Amino acid sequence: MRAVILALLFPLPATAQDAPRLAFPVDCTLGETCMIQQVMDRDPGPGARDFTCGSMSYDGHSGTDIRLPDMVALALNVPVLAAAPGTVLGTRATIPDTGLGGFPEGQDCGNGLVIDHGDGWQTQYCHMAQGSVLVASVDRVEAGQPLGTIGFSGNTEFPHLHFTVRHNGENVDPFDPSNSDSCGADPVNPLWATEIPLAQGGILSVGFAEAIPEYEAVQAGTADAQALPTSTSALILWGFFHSGQAGDVIRLTIADPQGIQFHTQDVTLERTQAQLFRATGRRNRANLPSGTYTGTVTLLRGGVEIDSETTTISIN
């Protein structure tokens, strides 16, 4: 009875009363095989802020970006799933997976589809892989049903699903469906069917190389060397990150086969970036001792560890 009285005194926002409960729209493991890089922009002006008043957005961003670590992961055909039951309103599946390399004008979303869930609710799925869309207009879909796979089509710099929720034509933040201009308060009645953890930054991938790798190779997932000769010119450890903030510290440490520190460096970020990479290492003036070297990459914010990953390389 008390709950009923409270509901009458403090009615839920319209967007929370009749909203569908949303399943996570990608079949992946957050923080491991996929990451949330950006969420909806809550700033009504020319700036950008997410629902926590943080920086995981950009001006005018309308949805949630669920990305893959690199281009190599595209070959895994990561499934995109229907977030809720509904009827498919329209699809597109013919745009090449070339990202900013080319897409028809007005087709920034690339390949994807829109699902109608009734009562004015719709979800849109963008940047899917060419030819992967499994449904057609007027098809009925169920929550969790495969719709296709994540791709690299349309206006995008990295492989991901851009997921947008709308109610009566207005974009709604599934993490916090309250007033879209507000931020910072504890979210009330998020639209997700289960709690979705949001890491405010993290590591996409780490690896070793003989020289500081090209950024394009890091993005592509081809920068990591599996082994190097003892005569290698240098031993470099690199890390690829998302949602870095000015003041963050990236710590890169290499240990030799005996577990003794071989090299370490702390790098402080000077600006906020959606994605970035940093590398450090040591030149080899003589043959390195053979064995397995261990690299640890850690992202720190305000002295607190946000994320950490370890990798190894064989030197022979």
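Small disclaimer: the values here were computed from a predicted structure and weren't measured.

Draft legend 1. Spotlight on the sheet that holds strand β16 (residues 273-283). Reading across the sheet, the three strands line up as β11-β13-β16 and stay open at both edges, with antiparallel pairing between neighbours. Looking along the sheet, the strands with just one partner apiece sit at the ends: β11 (202-209) and β16. With direction set aside, neighbouring strand axes in the sheet form an average angle of 15 degrees. Here β11 pairs with strand β13 (residues 234-244) via seven bridges, running antiparallel. If you follow valine 206 over to β13, its bridge partner there is glycine 239.

Draft legend 2. Spotlight on the sheet that holds strand β15 (residues 261-268). Spatially, β12-β18-β17-β14-β15 is the arrangement adopted by the five strands of the open sheet, whose pairing is mixed. Each end of this open sheet is capped by a strand with a single partner; those strands are β12 (227-228) and β15.

Draft legend 3. Spotlight on the pattern of salt bridges. According to the stated counting rule, one finds five salt bridges in the structure shown. A salt bridge links aspartate 173 to arginine 42; its shortest N-O distance comes to 3.0 Å. In this pair, aspartate 173 is assigned in the loop between β10 (170-172) and β11 and arginine 42 in the loop between β1 (35-38) and β2 (64-67), connecting sequence segments 131 residues apart. This pair shows no difference in class: aspartate 173 is buried, exactly as arginine 42 is. When the shortest N-O distance is used, the salt bridge between arginine 251 and aspartate 266 registers 2.8 Å. Of this pair, arginine 251 sits in strand β14 (residues 249-255) while aspartate 266 sits in strand β15; the two residues are 15 residues apart in sequence, bridging distant segments of the chain. We classify aspartate 266 as partly exposed; its relative accessible area is 40%.

Draft legend 4. Region of interest: the state of the cysteines. Counted by the stated rule, this structure contains three disulfides. Disulfide pairing places cysteine 28 opposite cysteine 34 at an S-S distance of 2.0 Å. Taking the torsion about the sulfur-sulfur bond, which here is approximately 65 degrees, the covalent link between cysteine 28 and cysteine 34 counts as right-handed. Neither cysteine 28 nor cysteine 34 differs from the other in exposure class; each is buried. Here cysteine 53 engages in a disulfide with cysteine 183; their sulfurs sit 2.0 Å apart. Linking cysteine 53 and cysteine 183, the disulfide has an S-S dihedral of approximately 95 degrees and is accordingly described as right-handed. Here cysteine 53, found in the loop between β1 and β2, pairs with cysteine 183, found in the loop between β10 and β11; they are 130 residues apart in sequence, far enough to count as distant. Ordinal numbering of bonded cysteines along the protein defines a disulfide pattern of 1-2, 3-6, 4-5.

Calculation rules
Residues numbered from 1 in each chain as written. Predicted model: local features only at pLDDT ≥ 70, side-chain atom pairs only at ≥ 80, totals over all residues. Heavy atoms only, no water. Pairing = 2+ DSSP bridges. Helix = DSSP H or I, 4+ residues; strand = E, 2+ residues; numbered from the N terminus. Axes fitted to C-alpha atoms, helices over the stretch in contact; angles between N-to-C directions. Salt bridge = Lys/Arg side-chain N within 4 Å of Asp/Glu carboxyl O. Buried < 20%, exposed > 50% of the residue type's maximum accessible area, 1.4 Å probe, protein only. Disulfide = S-S within 2.5 Å.

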